[in-house]
Amino acid sequence: MKIGIYPGTFDPITNGHIDIIHRSATLFDKVIVAVTTNPQKSPLFTIKERMDLIQSSVHSLENVDVESFNELLVNYAEKRGAAAIIRGLRATSDFEYEFQMALVNRKLSKNLLTVFLMPNEKYTYLNSTIVKEVAKLNGDISCFVPKEVYIKIKEKFQELKKGAK
Ligand code: ADP
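Residues numbered from 1 in each chain as written. Predicted model: local features only at pLDDT ≥ 70, side-chain atom pairs only at ≥ 80, totals over all residues. Heavy atoms only, no water.

### Some thoughts on the site of the ligand
Taken together, 16 residues are adjacent to the ligand, and Tyr 6, Thr 9, Phe 10, Lys 41 and Gly 88 come closest. Between the ligand and the protein, one listed contact pairs an oxygen atom with a side-chain N or O atom of Arg 87 at 3.1 Å. Taking Tyr 123, its main chain carries an N or O atom lying 2.9 Å from a nitrogen atom of the ligand. Isolated, the ligand exposes 550 Å² of accessible area, and the fraction of that covered by the protein chains is 90%. Among the cavities detected, the one that contains the ligand is the largest pocket. (Near = heavy atom within 4 Å. Polar contact = N/O pair within 3.5 Å; in protein donor to acceptor, adjacent residues only side chain to side chain. Areas by Shrake-Rupley, 256 points an atom, 1.4 Å probe, with all protein chains shown as cover. 1 Å grid on protein atoms, 1.4 Å probe; cavity = no way out; pocket = protein on both sides within 12 Å on 5 of 7 lines; lining within 4 Å. Sits in = over half its atoms within 2 Å of the grid points.)

Below you can see the structure in the form of structure tokens.
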């Protein structure tokens, strides 16, 4: 069974991530979307919220699981018996960092491959940060994220506004 691990922060999942998950699900027998608990990124959503949003966005894909991890990615991937790490490549701006990570991970675990997939061109400008910025200022993000995320992000900013009063 070929397992691919798609790691990231997913704060929150966007249509770009979902595009990559759909492509991965045709390549691997099983895809694990692995949400990092790394608090350094100060995520807007809790780990559980991020996992629930991923789950509801990809529930139609039977060979996709959602997990969290808080250790070195290659160690986690080895424990799960993964053949490859999956990463999305949007533009050349992603390349340098991704290239470095892929080579470091290969050094740490020589049999673990990194596979890069490109999303549909319409998602190449999309990331979670821009979605949060637009949503925070009441912009329409409905074409960037699935419906569940659209609803949850609105609720989240309303909660935060109330809390700030
Ligand atoms: P990270 O914290 O690793 O940047 P993200 O959740 O932002 O986590 O992204 C996880 C992976 O998904 C990365 O490989 C990233 O390049 C990819 N990705 C993010 N947004 C998109 C998109 N719009 N299209 C394709 N891949 C994407």
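Additional details are given in the paragraphs that follow.
### Section: the side chain of Arg 50
Position of Arg 50 among the secondary structure elements: in helix 2 (residues 47-57). Asp 11 is the oppositely charged side chain nearest to the buried, salt-bridge-free Arg 50, at an N-O distance of 4.2 Å. With near-sequence residues (within four places) excluded, Arg 50 lies in contact with Thr 9, Phe 10, Asp 11, Val 35, Thr 36, Pro 43 and Phe 45. (Helix = DSSP H or I, 4+ residues; strand = E, 2+ residues; numbered from the N terminus. Buried < 20%, exposed > 50% of the residue type's maximum accessible area, 1.4 Å probe, protein only. Lys, Arg positive; Asp, Glu negative; His and termini not counted. Salt bridge = Lys/Arg side-chain N within 4 Å of Asp/Glu carboxyl O. Contact = heavy atoms within 4.5 Å.)

### Some remarks on the pattern of salt bridges
Tallied over the full model, the rule gives ten salt bridges. With a closest N to O distance of 2.7 Å, Asp 52 and Lys 48 form a salt bridge. Linking Asp 52 with Lys 48, this pair stays in helix 2, spanning four residues, or about one helical turn. Classification of Asp 52 as partly exposed rests on a relative accessible area of 38%. For Lys 152, the salt bridge identified is with Glu 49, shortest N-O distance 3.7 Å. Taken as a pair, Lys 152 in helix 6 (residues 147-164) and Glu 49 in helix 2 lie far apart in primary sequence, 103 residues in all.

### Let's talk about the environment of Phe 45
Relative to the assigned elements, Phe 45 resides in the loop between strand 2 (30-36) and helix 2. Distance in space between the C-alpha atoms of Phe 45 and Lys 152 is 9.5 Å, their sequence separation being 107 residues. Not counting residues up to four positions away in its chain, the partners in contact with Phe 45 are Asp 11, Pro 12, Arg 50, Leu 53, Lys 152, Ile 153 and Lys 156.

### Some words on the pairing of strand 4 (residues 84-88)
Buried residues dominate strand 4, accounting for four of its five residues. With two bridges joining them, strand 1 (residues 3-8) and strand 4 adopt parallel strand pairing. Its bridge partner lying in strand 4, Gly 4 is registered against Ala 84. Sheet topology note: the strand 4/strand 5 (residues 113-117) ladder contains five bridges and is parallel. Residue pairing for strand 5: Ile 86 is matched across the bridge by Val 115. (Pairing = 2+ DSSP bridges.)

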